Amino acid sequence: MTVPVFREFLEQNPDVEIIMVSRKNFEALFSGIPNVTFKGIDLDDYKGFFGLRKLSNELVKEFNPDCVANLHDVIRTKILDRIYRRKGLKVFKINKGKEEKEHLTDVWNLDKVQLKKTVERYADVFREMGFKVELSHQLRPLPGPKSGIGFAPFAQHKGKMLPLEKSFELARILAQKHTVYFFGGGKKETETLEEWERQIPNTKSLSGRLSLMEELNKISELEIMISMDSANMHLASLVGTRCISIWGATHPYAGFLGFGQSEDDVIQVKDLSCRPCSVFGDKECYRGDWACLEEFNIQKVVQAVNL
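Every value quoted in this text rests on a predicted model; they were computed, and no experiment measured them. Residue numbers here run from 1 along each chain, matching the order of that chain's written sequence. Side-chain atom pairs in this predicted model are given and counted only at pLDDT of 80 or more, local residue features only at pLDDT of at least 70, and totals for whole chains, interfaces and linings cover all residues. As a rule here, side-chain values come from all non-hydrogen atoms in the structure, and water together with hydrogens is ignored.

A word on the overall build of the chain
In terms of regular secondary structure, the chain is built from 11 helices and 10 strands. The globule rule is 2.2 Å times the number of residues to the power 0.38, and the radius of gyration it is compared with is taken over C-alpha atoms. A compact globule built from 307 residues should have a C-alpha radius of gyration of about 19 Å, and the chain, at 20 Å, falls within 12% of that. The contact definition used throughout considers only heavy atoms, calling two residues in contact when any of these lie within 4.5 Å. In the chain, once contacts between residues fewer than 6 apart in sequence are set aside, the share between residues at least 24 apart is 60%. Put simply, the chain shows about 16000 Å² of open surface, and 50% of that area lies on carbon and sulfur atoms. We treat Lys and Arg as the positive residues and Asp and Glu as the negative residues; His and chain ends play no part in the count. For this purpose, a charge sits on NZ of Lys, CZ of Arg, CG of Asp or CD of Glu. Taken together, the 44 basic and 43 acidic charged side chains of the chain have centroids lying 4 Å from each other. A run of DSSP states H or I qualifies as a helix once it reaches four residues; a run of E qualifies as a strand once it reaches two. Both are numbered from the N-terminal end. Only the protein chains shown count as covering a residue, and every accessible area follows the Shrake-Rupley method with a 1.4 Å probe.

Some words on the environment of P145
Counting through the fold element by element, P145 comes out in the loop between α5 (118–128) and β5 (149–152). In the structure, P145 is positioned 77 residues away from L222 in sequence and 8.4 Å away in space, judged by C-alpha atoms.

Details of α5
Burial classes follow relative accessibility: with a 1.4 Å probe on protein chains only, a residue under 20% of its type's maximum area counts as buried, one over 50% as exposed, and anything between as partly exposed. With eight of its 11 residues buried, α5 lies for the most part within the structure. Within α5, the full set of buried residues consists of T118, V119, E120, R121, Y122, A123, V125 and F126. Close packing links the buried residues of α5 with α1 (2–12), β1 (18–23), β3 (67–70), β4 (90–93) and α4 (98–104). Phi turns positive, to about 110°, at G130, one or two residues after α5.

Concerning the nonpolar core
Counting residues in hydrophobic clusters, the biggest one holds 41 residues, and the most contacted among them are F6, F30, V36, F183, I219 and M225. Among the elements of the structure, α1, β1, β2 (36–41), α5, α8 (212–220), α9 (231–238) and β9 (243–247) are those that each provide at least two residues to this core. Ignoring anything within four residues of it in the chain, the contact list for F183 reads G150, F151, A152, P153, L193, L206, E215, K218, I219, L222, M225 and N232. To define a nonpolar core, start from buried Ala, Val, Leu, Ile, Met, Phe, Trp, Tyr and Cys residues and group those joined through side-chain atoms within 4.5 Å. Counting residues in each nonpolar core, the second largest holds 38 residues, with L170, A175, I224 and V302 among its members.

Thoughts on the pattern of salt bridges
Counted as salt bridges are all cases of a side-chain nitrogen of Lys or Arg within 4 Å of a carboxyl oxygen of Asp or Glu. One pass over the structure, following the stated rule, counts 15 salt bridges. Across the salt bridge formed by R140 and E8, the nearest N and O atoms sit 3.7 Å from each other. You can see R140 sitting in the loop between α5 and β5 and its partner E8 sitting in helix α1, a full 132 residues away along the chain. For E8, a relative accessible area of 3% puts it in the buried group. As a salt-bridge pair, R121 and E100 come within 3.7 Å of each other at their nearest N and O atoms. Residue R121 is found in helix α5, and its partner E100 is found in helix α4; the two are separated by 21 residues along the sequence. Judged by its relative accessible area of 5%, R121 is buried. Each member of the salt-bridge network shares a partner with another, and the members are K116, E120, D124 and R127.

Some words on the side chain of T105
As for its placement among the helices and strands, T105 is situated in the loop between α4 and α5. When neighbours within four sequence positions are excluded, T105 is seen to be in contact with P276, C277, S278 and V279.

Shown next, in the form of structure tokens:
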């Protein structure tokens, strides 16, 4: 979700250079953005306090930054913050709004409101540094013909994923009028999606077959992406593809709707006062029946596709 923020921030502040430090496998996400240098690292090379001190020394020596933006604010980056401050660097960090999100996900809270979007929280870090940045919240479709529908039926946590029988039926219905491309990763997901490809005509599984860059290119060529509240929604945003997103235990109110995606394309069970019960979908259903997923009507997704 940082990518569109970087893009628009740097367009408005072209004299700034960003050194993005993250896991090596995320490099493709930042390719093509002027003034972004991606520094990919293997976290196993920098374990513990002494490993992080080694990392901080290497980064300062290589890049000599003017200041540090902590856009993650986890234990690892909190330690790095302290090290950088001791070196005399100014450190600015994201305000995740943890208390607001705890209140939002309290199942007894009946007054649910939209919290600040996460992309705006990223932009706030740069604003705190003294830069001006106004986010457009608009998709930027890549040029070229568009065809087919992408479908990513998996998510990291159960609370964010439709039951597979519902996803299978949704794919079967959509494939009657559209070519459907399945997206996933890992052995189990790949096996499941390859089986669906065999059972449903006019579908093709891309799971396990594409690099991250190839996946981004394919998503950019689609008419529509259908995704859970998961990474594929955000990948669609990066390449300007409309995404119909499916939400269960989580909710766009927490601020994680894909950049530029329309709230009209959010499909969810709206009349459950317990939603959202989790920011990331990693909690057990306190009711025990997963009504947000079991009561989900896939016809609403079909209708959104055919609008």
